[in-house]
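# Secondary and tertiary structure notes
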Amino acid sequence: MPKVSPELLSILRCPVTGSPLVQEGDELVSTDAAADGEKLRYTIEDGIPLLLPPELLAAANAASSAQHDSKA
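Before going into details, it helps to say that this report is about the structure given with it.

## Digging into the pattern of salt bridges
According to the stated counting rule, one finds 2 salt bridges in the structure shown. Across the pair Arg41 and Glu24 runs a salt bridge whose closest N-O atoms are separated by 3.0 Å. Of this pair, Arg41 sits in strand 3 (residues 39-45) while Glu24 is found in strand 1 (residues 21-24), placing the two residues 17 residues apart along the sequence. For Arg41, a relative accessible area of 42% puts it in the partly exposed group. Put simply, Arg41 and Glu27 hold a salt bridge, and the shortest N to O gap is 2.6 Å. Of the two residues, Arg41 sits in strand 3 while Glu27 sits in strand 2 (residues 27-33), which places them 14 residues apart along the sequence. Overlapping salt bridges bring together Glu24, Glu27 and Arg41 as one network.

## Overview of the pairing of strand 1
Here strand 1 shows a clear split, with Leu21 and Gln23 buried on one side and none of Val22 and Glu24 buried on the other. When strand 1 meets strand 2, the two strands line up antiparallel, connected through 4 bridges. Across the sheet, residue Leu21 finds its bridge partner in strand 2, namely Ser30.

## So, the environment of Leu50
Examined against the element boundaries, Leu50 turns out to sit in the loop between strand 4 (48-49) and helix 2 (54-71). C-alpha of Leu50 to C-alpha of Glu27: the two residues are 23 residues apart in sequence and 9.2 Å apart in space. Not counting the four nearest positions on each side in its chain, Leu50 is found in contact with Tyr42, Thr43 and Glu45.

## Remarks on unusual backbone geometry
The backbone of Asp46 sits at a positive phi, close to 55 degrees, despite the residue not being glycine. Along the chain, Asp46 turns up in the loop between strand 3 and strand 4.

Calculation rules
Residues numbered from 1 in each chain as written. Predicted model: local features only at pLDDT ≥ 70, side-chain atom pairs only at ≥ 80, totals over all residues. Heavy atoms only, no water. Salt bridge = Lys/Arg side-chain N within 4 Å of Asp/Glu carboxyl O. Helix = DSSP H or I, 4+ residues; strand = E, 2+ residues; numbered from the N terminus. Buried < 20%, exposed > 50% of the residue type's maximum accessible area, 1.4 Å probe, protein only. Pairing = 2+ DSSP bridges. Contact = heavy atoms within 4.5 Å.

Here you go:
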């Protein structure tokens, strides 16, 4: 499990709610809930937190897949 340093965690904020983030396993979780009442979760890949709101993360993943498919 990649561990985010305490120094980095102290400055990171949820891009949707603006709240501090805490690490839970392989994810960072917002300390405040979003408008829908859910706390937002952000994955950590190769030690790098992916702080994209859920709707943008889906679009980024789709674009990445399309880019990889076009190179084949």
